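Each chain is listed here by its residues.
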Amino acid sequence: MGEQVEFTAPLWQWGARDSWFFVTLDEEASEVVGERPPPGRGFGSVRVRVTVGTTTWTTSVFPGDDGRYVLPVKKAVRVAESIEEEDPVTVLLEVLD
């Protein structure tokens, strides 16, 4: 099992695509993800297991412009957990790579 970290951050919508929503990892969570050697996947992505509320899924986080990682939150999760843009989202994140 990989290292786990929990954080809370607002859900935001990517302006370039109106159906893409993300949560930006805080500095501590980004450091945990960044401690792993790069896996060589596209866009510097790192595989993670994420839990929000009662929903758990496997996805990837991507490096953002400010050095912190961003987590995509798919529609099924937003609907299941009743999360809307700007809502605070508490995330339990486990690095898999």
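Let us now look at the pairing of strand 4 (residues 55-63). Bridge count between strand 3 (residues 46-52) and strand 4: seven bridges; the pairing is antiparallel. If you follow R47 over to strand 4, its bridge partner there is S60. Across two bridges, strand 4 lies against strand 5 (residues 69-72) in antiparallel orientation. Along strand 5, the bridge assignment pairs P63 with Y69. Turn length for the strand 4-strand 5 hairpin, with the two strands adjacent in sequence and antiparallel, is five residues, and the turn residue G67 shows positive phi of about 90°.

Below, the discussion takes up the nonpolar core. Counting 25 residues, the largest nonpolar core has F7, L25, V33, V61, V91 and L93 as the members making the most contacts within it. For this core, the elements supplying multiple residues, two or more each, are strand 1 (4-13), strand 2 (21-24), helix 1 (27-34), strand 3, strand 4, strand 5 and strand 6 (88-95). Filtering out sequence-adjacent residues up to four positions away, L93 remains in contact with E3, Q4, V5, F7, L25, V33, V48, R49 and V61.

The next point concerns the side chain of S60. With respect to the element layout, S60 can be found in strand 4. Those residues within four positions of S60 in sequence are excluded, and the remaining contacts are S45, V46, R47, V48, V70 and P72.

A word on the side chain of E81. In this fold, E81 is placed in the loop between helix 2 (75-80) and strand 6. Here E81 occupies a buried position and makes no salt bridge, while the nearest side chain of opposite charge, K74, is found at 11 Å.

Moving on: the pattern of salt bridges. The tally for this structure, following the rule as stated, stands at two salt bridges. Residues D66 and R68 are paired through a salt bridge, measuring 3.1 Å at the closest nitrogen-oxygen approach.

The next point concerns the packing of aromatic side chains. Counted according to the given criterion, the structure contains four aromatic pairs. Between W14 and F22, the aromatic rings sit 6.4 Å apart at their centres with planes inclined by 80°, giving edge-to-face as the arrangement. What makes F22 buried here is its relative accessible area of 8%. Here the aromatic residues W12, W14, W20 and F22 are joined through ring pairs into a cluster of three or more.

The rules behind the values
- Residues numbered from 1 in each chain as written.
- Predicted model: local features only at pLDDT ≥ 70, side-chain atom pairs only at ≥ 80, totals over all residues.
- Heavy atoms only, no water.
- Pairing = 2+ DSSP bridges.
- Helix = DSSP H or I, 4+ residues; strand = E, 2+ residues; numbered from the N terminus.
- Core = buried A, V, L, I, M, F, W, Y, C linked by side-chain atoms within 4.5 Å.
- Buried < 20%, exposed > 50% of the residue type's maximum accessible area, 1.4 Å probe, protein only.
- Contact = heavy atoms within 4.5 Å.
- Lys, Arg positive; Asp, Glu negative; His and termini not counted.
- Salt bridge = Lys/Arg side-chain N within 4 Å of Asp/Glu carboxyl O.
- Phe/Tyr/Trp six-rings, centres within 6.5 Å; stacked < 30°, edge-to-face > 60°.

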